Amino acid sequence: MLSVRALSTDYTDGRGANVRAVQELAFDVQPGKFFTLLGPSGCGKTTTLRSIAGLERPREGEISVESTVVFSAAYGVFVPANRRGFGMVFQSYAIWPHMNVYQNVAFPLVAGRRRIPKDEIRARVLRVLDTVALDDVATRDATTLSGGQQQRLALARALVLEPKLLLLDEPLSNLDAKLRERMRFELKRLQRELRVTTVYVTHDQSEALALSHEIGVMKDGRLVQVGSPRTIYGRPANPFVADFVGTTNFIRGAVTSVQSGSSTLVVASEIGSVTALATEPLHAGADVVLTVRPEDVELSETAALGVNTWRATVDQKVFLGEAIDFRVRIGERLLLARTHPRLSTRIGHPIHVAIAPEKVLALRAGDA
Amino acid sequence: MPAAATRTAVRSTPIPAEWLQGLVVGASVLVVVYLALVPLAFLLWQSVHAQVAAGTVAPLSLDNFRNVYARTGTGRLVADSLRFAIGSSLIAFGIGTLLAWTNERTNAPFKRVFFAVSIVPLIIPGVLFVIAWMLLGSPKIGLINVALQALFATDFVFVNVYSLPGMAFVDGLHYAPLAFLMMSAAFRAMDPALEEAALMSGASVASVAWRITLRLSWPAAFATLLILFVRALESFEAPALLGLPAGIQVFTSAIYSAIHRYPADIGLASAYGVSLLAIAAAGLWLQSRITARGARHATVTGRGFRPRPIDLGRWRMPVAAIFVTYLLLIVGLPSLVLLWSSFQKFYAVPSLDAVRTLTLDPYRFVLAFPSIARATLNSIALAVATATAIMLVTSVTCWIVVKSRARGRSALDVVSSIPIVFPGLVLGLAIMIFYLHVDVGIYGTLWILFVAYVTRFLPYGIRYNSASMLAIHRELEESAAMSGASWWQTFRRIVLPLLRPGLVAGWIYIAIVSVRELSSSILLYGPGTEVLSVVIWELWENGQYVELSALGVLMIVALSLLVMVAQRLGGRLGVRIA
């Protein structure tokens, strides 16, 4: 459906220096799928989205949708934004304040060189307003809508042309936490129902995990990992992804032995010998970073047996309501653990730590 | 799917929509560049060419400058110009700042009324304001002298506006509202917490005003002073009407005299004009530097704070008294003296005798006189055409400067603000010379005045439009593009409607200043193309004071009505003038 090949963009900043925003980016999105570009601010995700939209002209590469090339540096093709026929929701929603709700949604149908009969326009506007549950405020001034309503209005405007591709630029970032969570469900339901191919840009990892079929994690203008939400969270390809998506513990070490025929290996680390899982071939002696999610660090007041067990002391704890975050000390090393709130060991008291070997990922040190 | 497999690229071909964009953008840029650069280039060219007979190529020389600066009187002219400008700007600044601080920062009574009335002088045309002050402050017939002499039974001359201090005083009073508006903006932009912190530290109100408020607004204050100084240098009415009879010459009146002598010495006028232009440009350059630096360590937080007024305590009433005095001086007295004289057959000092001879004759004269009717039509036509043309053209050029990424857009920004350094008289001179040499058939018609007005007020249009253009979020246009709208559709259906408050406010402002305009018009009008301000000037030269007063009263009433209607209308459209 959408295919991005070897995309590179640079722009000159305020002081005239060349900034390379996106480098050698390539990915595909299958029809009807929800693809998310995830990364910290300044990683080039919005630039990529704007390049797909046609609002930005990349320096190199090729973008095609279905079998139509909308941008190709090699062939000098650049279809302007107003002829690509994509829908887009902007971060600020960009609701036109001088039009009412109906007029905002009808604009794409009357703009351009389309000649659509009046009653068809009306029918299509009302249908899409109904889809986003705004049909009862059609004649209201757009500026009188609440944040959530404006967000749905922007979505309706982007959908009214039934676009091949829907582009969303951090559409939830201007909403308060509660509303954001509700709109997340709403957005997911709409996308799955309409089966519109969607590219979504966000810096919020929980949004990305909740909404996407597939996530592309970006850093410094490059894609560092593409995969399903489960893969991204559970099998991060490198320390950057592990750190950016969710919270994690990093432990430095070196491989001491590799079990032949399996991906399990033993690592000598800051907290002693650890049995871990490797997602790529590593040989003895390689420097690695071990990553463990806090919820995979099991704490108990009774002694644990077997591999990957330690004696520790409670250093600090934070009550969060549905969970407790413990910071425990193994030797000189601090480790973060998330547990059920019923565990109430006091600060300074000893505690036992156990981590299942398949929950410890060994990543090659120095990667990204 | 691999894109290389099927390559049915949609090539972007030029279609009418893009031609329209090219046409609109190209035409607007051409107009702005032509208007801004041609008079400047020609004036510079003219000033370095010696005066020779028409038809021969003038040799390049600095004779004009040598002539000017070798003269014995020139030293005095420069000194008087500077003294006048410094005096006028200090008076305007002092009054304006005091009023602005009281109005923005304290709990002085009747603030809203004062704000409305104190900007009224901006509406009164300069020529009327100066003439009104002549009737008040002339040594022989001036009302102030007459009244005080009667009171003290003496023939001592208390005030004399026909002097350098008198000129500076009248000019400074007239432009105090400008200082008031600029300093109000500066005070409004300042976080009141900074003042409150000083109050909490035990400082007195006066000490807060002096040590905190004024120090923090120093960049703004200095920028305001520079603008007032440059504007005073460019001032024409007070120097010509008050200075020339007293034998005091400044740059502007010297230019006027050089052209109005026989034969006219255009080379000399150009040399004076270029000198004046250089000083003005230097002042404005310095001002923009200060403003830019001030913006870097700005005291403005931009957070939504509500300024809390400082309690003046027992000083509330004395401060209110200062306000009343000021309003009486600057608004009341000049208006009243014009009103008085407009009901006389011949000008007479107010007395019981004179009350008996009150008459409506001057108004009958004004309403019946054909050239006044024509001048009114000319002024209205010029005001409407100038305001409309400027607001439309600058809406496009501001879009280029603010929104587009076109190469050379910052150059366009610089070029389009060039006219602001042109004193009105110098601009009139430059345009006069240019269209005398390059005959395109507009010399002596209303069109040349139109060209002059559009050039002169272009920067105002840019100021209004770029402020509102900056406020339009980029994504509002981008979402129109994503909806499939062409550039022209986006501009017409999204950008222009969103600009409307700024467009309306700028239109009204430019219409008002067009009606007031004198210093360019005075060099460019011809028989049949007089405008109202020129008619007032001519009536003055003919000694028709009462008729002039009647016309002035009508003009002030009409302009005030226009402003009131605009404010009413503006309230609904969200327009704020000034």
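Computed from a predicted structure; not experimentally measured.

A. Representation of the overall build of chain B in the model. Tallying secondary structure elements over chain B gives 25 helices and zero strands in all. Residue burial in chain B is summarised as follows: out of 578 residues, 46% are buried.

B. Up close: the overall build of chain A. When you go through chain A residue by residue, the secondary structure sums to eight helices and 21 strands. When contacts within chain A are restricted to residue pairs at least 6 apart in sequence, those whose partners lie at least 24 apart make up 65%.

C. Structural detail: the domain arrangement of chain A. Examined at the domain level, chain A breaks down into domain 1 (2-242) and domain 2 (247-364). A separation of 39 Å is found between the C-alpha centroids of domain 1 of chain A and domain 2 of chain A.

D. Representation of helix 14 (residues 316-341) of chain B within the structure. The terminal C-alpha atoms of helix 14 of chain B lie 36 Å apart, and with 26 residues this matches the ideal 38 Å at 1.5 Å per residue to within 8%. Of all the bends in helix 14 of chain B, the greatest measures close to 40° and is centred on B:Leu328.

E. Quick peek at the sheet that holds strand 9 (residues 197-202) of chain A. All names here are of chain A. A sheet is described by the order of its strands in space; here six strands give the open sequence 7-8-9-3-10-11, paired in mixed fashion. Each edge of the open sheet is held by one strand with a lone partner, namely strand 7 (87-89) and strand 11 (222-227). Ignoring which end each strand starts from, the neighbouring axes of this sheet average 15° apart.

F. Spotlight on the interface of chain B and chain A. The interface is formed by 26 residues belonging to chain B together with 32 residues belonging to chain A. Counting only elements with at least two residues in the side of chain B that touches chain A, the list comes to helix 21 (474-482) and helix 22 (487-516) of chain B. If one sorts the elements of the side of chain B that touches chain A by residue count, helix 21 of chain B sits on top with seven residues. Counted by class, the side of chain B that touches chain A contains 13 nonpolar, nine polar and four charged residues.

G. Highlighting the domain arrangement of chain B. Residue and element names in this part refer to chain B. Each assigned domain of chain B is listed here: domain 1 (18-47 + 360-578) and domain 2 (61-303 + 317-341). Put simply, the middle of domain 1 and the middle of domain 2, counted by C-alpha atoms, are 24 Å apart. When residues of the side of domain 1 that touches domain 2 are assigned to their parent elements, the largest contribution, 11 residues, is made by helix 25 (residues 545-573). Here the residues of the side of domain 1 that touches domain 2 sort into 25 nonpolar, eight polar and one charged.

H. Geometry of unusual backbone geometry. All names here are of chain A. Phi is positive for Glu24, close to 50°, though the residue is something other than glycine. Relative to the assigned elements, Glu24 resides in strand 2 (residues 18-29). Since 13 C-beta atoms lie within 10 Å of it, Glu24 is described here as partly exposed. Of note, the phi angle at Glu170 is positive, near 40°, even though the residue is not glycine. Looking at the secondary structure, you find Glu170 in the loop between strand 8 (165-169) and helix 5 (177-194).

I. Main features of the nonpolar core. Counting 263 residues, the largest nonpolar core has A:Leu290 and B:Ala179 as the members making the most contacts within it. Broken down by element, this core gets its largest block of residues, 15 residues, from helix 22 of chain B. Sequence-distant contacts of A:Leu290, that is, excluding residues within four places in its chain, are made with A:Ile251, A:Gly253, A:Val267, A:Ser269, A:Val274, A:Ala276, A:Val360, A:Leu361 and A:Ala362.

J. Examining the sheet that holds strand 16 (residues 298-300) of chain A more closely. All names here are of chain A. Strand order in the open sheet formed by five strands is 16-20-17-18-19, and the pairing between neighbours is antiparallel. Two strands lie at the open edges of the sheet, namely strand 16 and strand 19 (333-339), each paired on one side alone. Sheet twist, expressed as the average angle between the axes of neighbouring strands with direction ignored, equals 45°. The pairing of strand 17 (residues 309-319) with strand 18 (residues 324-330) spans six bridges and is classified as antiparallel. Across the sheet, Val314 pairs through a bridge with Val328, a residue of strand 18.

K. Molecular detail of the packing of helix 5 (residues 126-137) of chain B against helix 14 of chain B. Residues and elements named next belong to chain B. Look at helix 5 against helix 14: their axes get within 9 Å of each other, and the N-to-C directions meet at 80°. As summarised for this structure, helix 5 and helix 14 are arranged roughly perpendicular, according to the angle between their axes. Residues Leu128, Phe129, Ala132, Trp133, Leu135 and Leu136 of helix 5 lie in contact with helix 14, whose contacting residues are Leu333, Pro334, Val337, Leu338 and Ser341. Grouping the constituent residues of the contact of helix 5 with helix 14 by class yields 10 nonpolar, one polar and no charged.

L. Local environment of the environment of A:Glu301. All names here are of chain A. On the secondary structure map, Glu301 appears in the loop between strand 16 and strand 17. Taking the C-beta count within 10 Å as the criterion, Glu301 has 11 such neighbours and is therefore assigned exposed. The spatial distance from the C-alpha of Glu301 to the C-alpha of His349 is 9.6 Å, given a sequence separation of 48 residues. When neighbours within four sequence positions are excluded, Glu301 is seen to be in contact with Thr345, Ile351 and His352.

M. Seen up close, the pairing of strand 5 (residues 68-72) of chain A. Residues and elements named next belong to chain A. Of all the five residues making up strand 5, four are buried; the element is thus mostly covered by neighbouring parts of the structure. With four bridges joining them, strand 4 (residues 60-65) and strand 5 adopt antiparallel strand pairing. Bridge pairing in strand 5 places Ile63 opposite Phe71. Turn length for the strand 4-strand 5 hairpin, with the two strands adjacent in sequence and antiparallel, is two residues, and the turn residue Glu66 shows positive phi of about 50°. Of the strand pairs in this sheet, strand 5 and strand 6 (residues 77-78) are connected by two bridges, and their pairing is antiparallel. Directly across from Phe71, in strand 6, lies its bridge partner Phe78.

N. Local environment of the environment of A:Ile355. Residue and element names in this part refer to chain A. Within the element layout of this structure, Ile355 appears in the loop between strand 20 (350-354) and strand 21 (361-364). Under the C-beta neighbour-count criterion, Ile355 is labelled buried, with 25 such atoms within 10 Å. Residues Ile355 and Glu332, 23 residues apart in the sequence, show an inter-C-alpha distance of 18 Å. Those residues within four positions of Ile355 in sequence are excluded, and the remaining contacts are Val292, Asp296, Val297, Glu298, Asn308 and Val360.

O. Spotlight on the packing of helix 21 of chain B against helix 22 of chain B. Residue and element names in this part refer to chain B. Packing of helix 21 against helix 22 leaves a shortest axis separation of 10 Å and a crossing angle of 160°. The pairing of helix 21 with helix 22 is recorded here as roughly antiparallel in orientation. Taken as a pair, helix 21 and helix 22 cross one another with a handedness that is right-handed. Residues Leu476, Glu477, Ala480 and Ala481 of helix 21 form the contact with helix 22, whose participating residues are Thr490, Ile494, Val495 and Leu498. Of the residues in the contact of helix 21 with helix 22, the class split is six nonpolar, one polar and one charged.

P. Here's a closer look at the confidence of the model for chain B. Residues and elements named next belong to chain B. Of all residues in chain B, 86% have pLDDT values of 70 or greater, and the mean over the chain is 80. For chain B, helix 8 (residues 192-200) is the element with the lowest average pLDDT, namely 69, and helix 17 (residues 370-403) is the one with the highest, namely 92. Low pLDDT, under 50, characterises residues 52-58; the predicted model gives this stretch three contacts beyond four residues in sequence or across chains. Counted against residues more than four places away or in other chains, residues 573-578, with its pLDDT under 50, gives 18 contacts.

Q. Local environment of the pairing of strand 8 of chain A. All names here are of chain A. Counting buried positions along strand 8 gives five out of five residues, so the element sits mostly inside the fold. The two faces of strand 8 match: Leu165, Leu167 and Asp169 on one face and Leu166 and Leu168 on the other face are all buried. Of the pairings in the sheet, the one linking strand 7 to strand 8 comprises three bridges and is parallel in character. What sits directly across from Met88, in strand 8, is Leu167. One ladder, built from five bridges, connects strand 8 with strand 9; its direction is parallel. Note on strand 9: the bridge partner recorded for Leu165 is Thr197.

R. Highlighting helix 5 of chain A. The end-to-end C-alpha distance of helix 5 of chain A is 26 Å, a good match for the 26 Å that 18 residues give at a rise of 1.5 Å each. A:Arg195 occupies a position one or two residues after helix 5 of chain A and carries a positive phi of about 50°.

S. Representation of the environment of A:Ile95. Residue and element names in this part refer to chain A. Position of Ile95 relative to the elements: it lies in the loop between strand 7 and helix 2 (101-110). Ile95 sits in the buried class, given 21 other C-beta atoms within 10 Å. For Ile95, the residues in contact, after removing those within four places along its chain, are Asn104, Ala142, Gln150, Leu153 and Ala154.

Rules behind the numbers
Residues numbered from 1 in each chain as written. Chains lettered and ligands numbered in written order. Predicted model: local features only at pLDDT ≥ 70, side-chain atom pairs only at ≥ 80, totals over all residues. Helix = DSSP H or I, 4+ residues; strand = E, 2+ residues; numbered from the N terminus. Buried ≥ 20, exposed ≤ 12 C-beta atoms within 10 Å, placed from the backbone. Contact = placed C-beta atoms within 7 Å. Domains from an automatic or database assignment. Expected span 1.5 Å × (residues − 1). Bend = angle between axes of the 7 residues up to and from the residue. Pairing = 2+ DSSP bridges. Axes fitted to C-alpha atoms, helices over the stretch in contact; angles between N-to-C directions. Nonpolar A, V, L, I, M, F, W, Y, C, P; charged D, E, K, R; others polar. Core = buried A, V, L, I, M, F, W, Y, C linked by C-beta atoms within 7 Å. Parallel < 35°, antiparallel > 145°, perpendicular 65-115°, else oblique. Left-handed = near helix turned anticlockwise from the far one by under 90°. pLDDT = per-residue confidence, 0-100.

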